[in-house]
Every structure is written in structure tokens, then in C-alpha cells.
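Per-entry structural report
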Amino acid sequence: MTSALHDCPRLLALGPDFFARTPRGVARELLGKVLVRRDETDLLAGRIVETEAYLGTNDLAAHAAAGNTARNAVLFGPPGHAYIYFIYGNHYCLNVSCEREGQAGSVLIRALEPISGLEEMARARGLSLVSRSDSVRLTSGPGRLAEAFGITRARDNGRDLTDESSGLWMADDGFRPGRIRVTTRIGITKAAAHRLRFVVAGNPFVSGPKARR
DNA sequence: ATATCGATTATCT
DNA sequence: GATAATCGATATG
């Protein structure tokens, strides 16, 4: 008697302390961790291979730069909560809050390597997995991974990611990434010079041009 | 492989 | 009224 679940270590949620530090540190340390979504029908899991740090009110590229508003209030709340924003009239993106209550900061999850629930992710993305390489399109990019995991603002904004009972959390399964590459952030115009993007070097699920992987 | 462009809407100026 | 932490399609080398 065997199942995929039996073969997996228990995916314990990273606790609030993990997120209670600078976005730069959280972004770096999240590489290799696992994003998990569990609901009544599905267990989805993907390894984090690309992140970006967004700082506080003086980071012009960060949504926190607008001050505490209805849209971004989660950024100013306690660490380890989901900040979901809607962008270009089309896509949702997942961030996790960092630091502490009153100090804004977050990490954007930019790409995952899918581990479990690939068929369900493909269905959510409107794709079919005919060849092995098709899996790259499931979760390679912030909008793509949100769609694959069914993440929306209405459903998930403010969700406590440090509580497994929330159904969406991050876990350490013992895996340690290899070489890490640091680059400038992608897709922004303001404060573009800072090197706050972290990727697992050479991982095929990292988004963006080849030179940035 | 890289570049350009259109889609589509919540949010802020 | 302009903009945006993107994606997928199309064009071109």
C-alpha cells in the first residue's frame, strides 16, 4: 500500500518568526521552500525557485510606497500573511508579508517548480500536458502560478500563510537549493537598480529571459 | 531567441 | 485619465 502522500514528509508550515525579518532575507530563504494549497479536492505543491523583495514606504517600486490604503493594508500588518494584488486587468500575484506590524515589506513569489497536482494546475491554467516540457508553463511567472493555484484577491488576500488550517501555506521539506543568483527586479520602472530578485541558478522554471536565470 | 503589442480593470493622481 | 510587481500571440532575425 503506497501513495504520494505517504512518500512525502509532513509539510509543516513555516511560522511567523520565519517571516519576521527583512524582505531581502525572506526572499533569499524562501528559495527551495514549498508552496502548498490543500482544499477538499486537491493537494497542490510547488517548490519556490524565484522571488523578489519589496521594501517599505520608501521603496518606490513597492505598493507600500503609496502608504497604507485599502488595497495594500496587508503589507502593514503582521508577517506571514498573503497580499494578493490584481494587475494589468488580467492577473493576480502572490506576496507574503514580512517584518512586523506597522513595518511594510513583502516578498513576491515569481516562479515555482511544480511538485504535486500538475494535472489540476493544468486544468486551472487551461493547458494540456502533452509533453514533459509543457509543465514549464504551469507556474513559471507570478500570474501563472497564481492561476495554477487558484489564488485570487477575493479568496486569499490577508490569508494567514503560517497556519496550515488556512489551506495555503509554505513549508520546508528538507530540500536545499544549489547556487543562488541575485539580479535586479523584473517588470518595474521605478527603483529598478536594486538587486532584490533571487533565483535558483539554472532552474528551468525561473521566469524571464535566459540571461536572467 | 528577442521584440513588440494588445488585453482589461482596480487603483491612484 | 494614466498607469501597472503580466501573459500570450505575433512578427522578425
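So, a few notes on the structure that sits alongside this text. This is a predicted model, so every value here is computed, not measured.

Focus on the nonpolar core
If you look at the biggest cluster of nonpolar residues, it comprises 40 residues, and the most contacted ones within it are Phe19, Leu30, Val107, Ile109, Phe149 and Met170. If near-sequence neighbours (up to four positions away) are discounted, valine 107 is found in contact with Pro23, Val26, Ala27, Leu30, Thr51, Glu52, Leu94, Asn95, Val96 and Cys98. Membership of the second largest hydrophobic core comes to 12 residues, among which are Leu75, Phe76, Tyr83 and Leu108.

Topic: the state of the cysteines
Formally, a disulfide is one covalent bond, and it connects the sulfur atom of one cysteine to the sulfur atom of another. Taken as a whole and judged by the stated rule, the model has zero disulfides. Take cysteine 93: it sits in no disulfide, and the sulfur closest to it among the cysteines is that of cysteine 98, at 16 Å. In this structure cysteine 93 comes out as buried when scored by relative accessible area, which is 4%.

Some remarks on the pattern of salt bridges
Scanning the model with the defined rule gives 11 salt bridges in all. Salt-bridge contacts for glutamate 52 lead to arginine 110; the nearest nitrogen and oxygen are separated by 3.9 Å. With glutamate 52 in strand E2 (residues 43-54) and arginine 110 in strand E5 (residues 106-116), this pair connects stretches of sequence that are 58 residues apart. Looking at glutamate 52, the relative accessible area reads 0%, which means it is buried. Its salt-bridge partner being arginine 185, residue aspartate 59 comes within 2.8 Å of it at the nearest N-O pair. With aspartate 59 in the loop between E2 and strand E3 (82-87) and arginine 185 in the loop between strand E7 (180-183) and strand E8 (197-200), this residue pair connects regions lying 126 residues apart in the sequence.

Some points on the packing of aromatic side chains
Centre-to-centre distance and the angle between the planes together describe a pair of aromatic rings. Counting across every chain of the model gives three aromatic pairs. Ring centres of tyrosine 83 and tyrosine 85 lie 5.9 Å apart, and the angle between their planes is 35 degrees; this geometry places the pair in the tilted category. Using a relative accessible area of 1% as the deciding quantity, one classes tyrosine 83 as buried. Ring geometry for phenylalanine 86 versus tyrosine 92: centroids 4.9 Å apart, planes at 40 degrees, classification tilted. Judged by relative accessible area, which is 40%, phenylalanine 86 ranks as partly exposed. Its end group placed over the ring of phenylalanine 175, arginine 47 keeps NZ or CZ at 4.1 Å from the ring centre.

Some details on the protein's contact with DNA strand C
Around DNA strand C sit 18 residues, and of these Tyr85, His91, Asn95, Arg125 and Arg144 come closest. Atoms of DNA strand C within 4 Å of the protein belong to the sugar or the phosphate in 50% of instances, the rest to bases. Between a sugar or linking oxygen of DNA strand C and a side-chain N or O atom of tyrosine 54, the distance comes to 3.4 Å. The side chain of asparagine 95 places a nitrogen or oxygen atom 2.5 Å from a base nitrogen of DNA strand C. Looking at the surface near DNA strand C, the elements that each hand over two or more residues are E3, strand E4 (91-97), E5 and helix H6 (142-148). In terms of residues, the surface near DNA strand C owes the most to one element, H6, which gives three residues. Residues that form the surface near DNA strand C fall into these classes: eight nonpolar, seven polar and three charged.

A short note on the environment of glycine 46
Turning to its location among the elements, glycine 46 is positioned in strand E2. A sequence separation of 19 residues divides glycine 46 from alanine 27, and the C-alpha atoms of the two residues are 16 Å apart. The residues touching glycine 46, leaving out its near neighbours within four places in the chain, are Lys33, Val34, Leu35, Leu112, Glu113, Pro114, Ile115 and Phe149.

Some remarks on helix H3 (residues 23-30)
All of the buried residues along H3 are Pro23, Gly25, Val26, Ala27 and Leu30. In this structure, the buried side of H3 is in contact with helix H2 (16-19), E2, E4, E5, strand E6 (168-171) and E8. Just downstream of H3 lies glycine 32, where phi reads positive at about 95 degrees.

Criteria and thresholds
- Residues numbered from 1 in each chain as written.
- Chains lettered and ligands numbered in written order.
- Predicted model: local features only at pLDDT ≥ 70, side-chain atom pairs only at ≥ 80, totals over all residues.
- Heavy atoms only, no water.
- Core = buried A, V, L, I, M, F, W, Y, C linked by side-chain atoms within 4.5 Å.
- Buried < 20%, exposed > 50% of the residue type's maximum accessible area, 1.4 Å probe, protein only.
- Contact = heavy atoms within 4.5 Å.
- Disulfide = S-S within 2.5 Å.
- Salt bridge = Lys/Arg side-chain N within 4 Å of Asp/Glu carboxyl O.
- Helix = DSSP H or I, 4+ residues; strand = E, 2+ residues; numbered from the N terminus.
- Phe/Tyr/Trp six-rings, centres within 6.5 Å; stacked < 30°, edge-to-face > 60°.
- Lys NZ or Arg CZ within 6 Å of the ring centre and 35° of its normal.
- Near = heavy atom within 4 Å.
- Polar contact = N/O pair within 3.5 Å; in protein donor to acceptor, adjacent residues only side chain to side chain.
- Nonpolar A, V, L, I, M, F, W, Y, C, P; charged D, E, K, R; others polar.

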